[in-house]
Amino acid sequence: MRITRSNAMILLFSITAILSVIAVFPAISEAQSEPKTFVTHSGAVVKTTGEVLDPLYTSATVEFDPMEYLRDFNYGRVLQLSDGTTVREFTIIANDDEIMEVSPGIFFNVWTFNGTVPGPTIRATEGDIVRIKFINNGEKEHTMHFHGIHPAGMDGVFEPVGGNGGQFVYEFEAGPVGVHPYHCHVMPLEEHIVRGLYGVFIVDPKEERPPADEMVMVLNGLDMDFDGENNFYAANTIPFYYQHHPIQINTDELVRVYVVNMVEFDPINNLHLHGNLYKYYPTGTDLVPSFYTDMITLSQTERGIMEFEYDYPGKYLFHAHKVEFSEKGWVGIFLVNDKPTNDEQEIEYGT
Ligand SMILES: [Cu+2]
């Protein structure tokens with residue numbers, strides 16, 4: 001072969017390329033020879049040197065009791081300012097590497113506020129100062145975005161909080177009266193919400209609502225295979241939970257349910273109550289009910305307060321009347337007991 005200028009250039013490039021491959025190859029080969037351990041959605045532990053789509057890295061599962069969550073209200077650490085204003089301090093820690101057994105044998109990589117989905121129910125009275133020390137112990141950026149009235153800098157949108165210990169203090173006056181969601185507002189938003197970074201914020205009126213057996217229901221969905229469709233639906237995360245563990249209430253006692261729809265992908269959700277009708281306060285902002293109904297329809301983050309009493313004891317279903325949702329987990333039972341005559345047997349109110 002005659003050595004021309006162009007042949008020489010090609011030869012030089014080829015030698016350089018071969019030398020580069022030789023130099024880099026040991027590193028690649030070393031990396032690939034170290035298998036990593038992953039947990040899959042079926043709970044199996046696998047070792048592989050290949051890429052794993054949506055791996056679950058830890059084997060510590062989230063403990064979540066929907067019955068405990070139902071009536072668990074967090075009022076924070078209370079401080080009193082000299083002018084009499086109440087300050088309520090909360091610490092909320094975000095994580096994004098936890099696993100939750102959402103149904104027997106079905107594991108899901110949840111992202112959590114304080115270790116659960118939904119996060120804790122935060123409760124204050126209108127006019128209180130809410131101060132939230134937010135710590136992001138996840139890998140990704142997260143925020144806390146509250147629905148309600150507050151300054152722009154407290155909106156949790158344009159101030160992403162970095163992972164691995166990033167911090168931010170949200171502080172605002174609680175208002176307006178009602179029931180509001182809070183959720184992470186980092187892009188891609190759909191993923192940050194569907195993974196579980198949301199919870200409920202209740203603002204009580206200064207003149208308290210009448211005493212009642214109060215509870216929180218977050219309507220949510222789980223997209224297990226990341227195809228943009230939910231595979232399970234639930235009230236408070238665990239499909240069918242309140243069907244297998246009926247919520248006990250009493251006849252002739254006021255029940256107040258703070259309901260928030262956090263289902264993504266499906267444009268609407270709804271809630272039907274059996275054997276009864278309820279007064280409904282959309283967003284809970286008005287103290288006079290807007291409807292007396294057995295069915296409400298809710299879009300994303302739509303919410304409100306339901307109030308009802310049962311005259312007759314027995315088992316009553318509550319569920320999505322969108323039958324697909326109820327058959328995939330969004331169904332529960334109220335077990336209505338005859339109101340005990342002995343005061344000591346009365347169930348404890350959540351307030
Ligand atoms: Cu987030």
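Note that the structure is a prediction, hence the values are computed from the model and not measured. (Residues numbered from 1 in each chain as written. Predicted model: local features only at pLDDT ≥ 70, side-chain atom pairs only at ≥ 80, totals over all residues.)

**Q** Requested: an account of the overall build of the chain, with residues and values cited.
**A** The helix and strand inventory of the chain stands at 5 helices and 23 strands. A buried classification covers 36% of the 351 residues belonging to the chain. Put simply, 69% of the contacts in the chain that link residues at least 6 apart link residues at least 24 apart. (Helix = DSSP H or I, 4+ residues; strand = E, 2+ residues; numbered from the N terminus. Buried ≥ 20, exposed ≤ 12 C-beta atoms within 10 Å, placed from the backbone. Contact = placed C-beta atoms within 7 Å.)

**Q** If you had to explain the sheet that holds strand E17 (residues 269-273) to someone new, which residues and values would you point to?
**A** Read across the open sheet, the 5 strands follow the order E15-E23-E22-E17-E20; overall the sheet is mixed. Only two strands of the sheet have a single partner each, and these edge strands are strand E15 (247-250) and strand E20 (295-298). The mean angle between the axes of side-by-side strands here comes to 25°, regardless of whether they run parallel or antiparallel. Where E17 lies against strand E22 (residues 314-319), 2 bridges are found, and the strand directions are antiparallel. (Pairing = 2+ DSSP bridges. Axes fitted to C-alpha atoms, helices over the stretch in contact; angles between N-to-C directions.)

**Q** Requested: an account of the nonpolar core, with residues and values cited.
**A** Formed by 79 residues in total, the largest nonpolar core has its most connected members in Met-144, Val-200, Met-217, Leu-219, Tyr-258, Val-259 and Trp-330. Ranked by the residues each element gives to this core, the list is headed by strand E13 (residues 213-222), at 6 residues. Once residues lying within four places of it in the same chain are set aside, the contact partners of Met-217 are Ala-235, Asn-236, Val-257 and Val-259. (Core = buried A, V, L, I, M, F, W, Y, C linked by C-beta atoms within 7 Å.)

**Q** Please set out the sheet that holds strand E18 (residues 278-282) residue by residue, giving values where relevant.
**A** As summarised here, the arrangement of the 6 strands in space is E14-E13-E16-E21-E18-E19, forming an open sheet in which the pairing is mixed. The two strands at the open ends of the sheet, each matched to only one other strand, are strand E14 (232-235) and strand E19 (291-293). Here the strands of the sheet are splayed against their neighbours by 25° on average, with no regard to which way each runs. Relative to strand E21 (residues 303-308), E18 runs antiparallel, the two sharing 4 bridges. When the sheet's bridge partners are listed, Tyr-281 is paired in E21 with Ile-305.

**Q** Describe the environment of Met-295, listing the residues and the values that go with them.
**A** Along the chain, Met-295 falls in strand E20. Residue class for Met-295 comes out partly exposed when judged on the 13 C-beta atoms lying within 10 Å of it. Taking the C-alpha atoms as reference, Met-295 lies 8.9 Å from Ala-320; in sequence the two are 25 residues apart. Among residues more than four places away in sequence, those in contact with Met-295 are Asn-270, His-272 and His-321.

**Q** How would you explain the pairing of strand E6 (residues 106-113) if you had to name every residue and give the values?
**A** Extensive coverage of E6 is indicated by the burial of 6 of its 8 residues. Bridging between strand E5 (residues 86-103) and E6 involves 7 bridges; their strand directions are antiparallel. Along E6, the bridge assignment pairs Asn-95 with Thr-112. Between E5 and E6, which pair antiparallel one after the other, the connecting turn spans 2 residues, and Gly-105 there sits at a positive phi close to 80°.

**Q** Describe the environment of Leu-273, and please don't skip the residues or the numbers.
**A** Its location among the elements puts Leu-273 in strand E17. A C-alpha to C-alpha distance of 9.3 Å links Leu-273 and His-321, two positions 48 residues apart in sequence. Look past the residues within four positions of Leu-273 in its chain and what remains in contact with it is Tyr-278, Asp-294, Phe-308 and Phe-318.

**Q** Which residues make up unusual backbone geometry, and what values do they have?
**A** Omega for the bond connecting Gly-175 with Pro-176 falls within 30 degrees of zero, at 0°, which places this linkage in the cis form. Tracing the sequence through the fold places Pro-176 in the loop between strand E10 (166-173) and strand E11 (178-183). Here the amide bond leading from Met-187 into Pro-188 is cis, since omega sits at -5°, within 30 degrees of zero. Inspection of the secondary structure assignment puts Pro-188 in the loop between E11 and helix H3 (189-194). A positive phi angle is found at Phe-265, which is not glycine, with a value near 75°. Mapped onto the elements, Phe-265 comes out in the loop between strand E16 (255-261) and E17.

**Q** If you had to explain the pairing of E17 to someone new, which residues and values would you point to?
**A** Only one face of E17 is buried: it carries Asn-269, Leu-271 and Leu-273, and the other face, with Asn-270 and His-272, is open. Bridge count between E17 and E20: 4 bridges; the pairing is antiparallel. Opposite Leu-271, over in E20, you have Ile-296 as the bridge partner.

**Q** Give me the environment of Glu-309: which residues, what numbers.
**A** One can find Glu-309 in the loop between E21 and E22. Glu-309 sits in the partly exposed class, given 17 other C-beta atoms within 10 Å. Glu-309 has contacts with Asp-252, Glu-253, Leu-254 and Val-255, leaving out every residue within four places of it along the chain.

**Q** Explain the confidence of the model for the chain to me, using residue names and the numbers behind them.
**A** In the predicted model, the chain carries a mean pLDDT of 89, and 83% of its residues have values of at least 70. Note that residues 21-31 has pLDDT below 50 and, in this model, 0 contacts with residues that lie over four places away or in other chains. (pLDDT = per-residue confidence, 0-100.)

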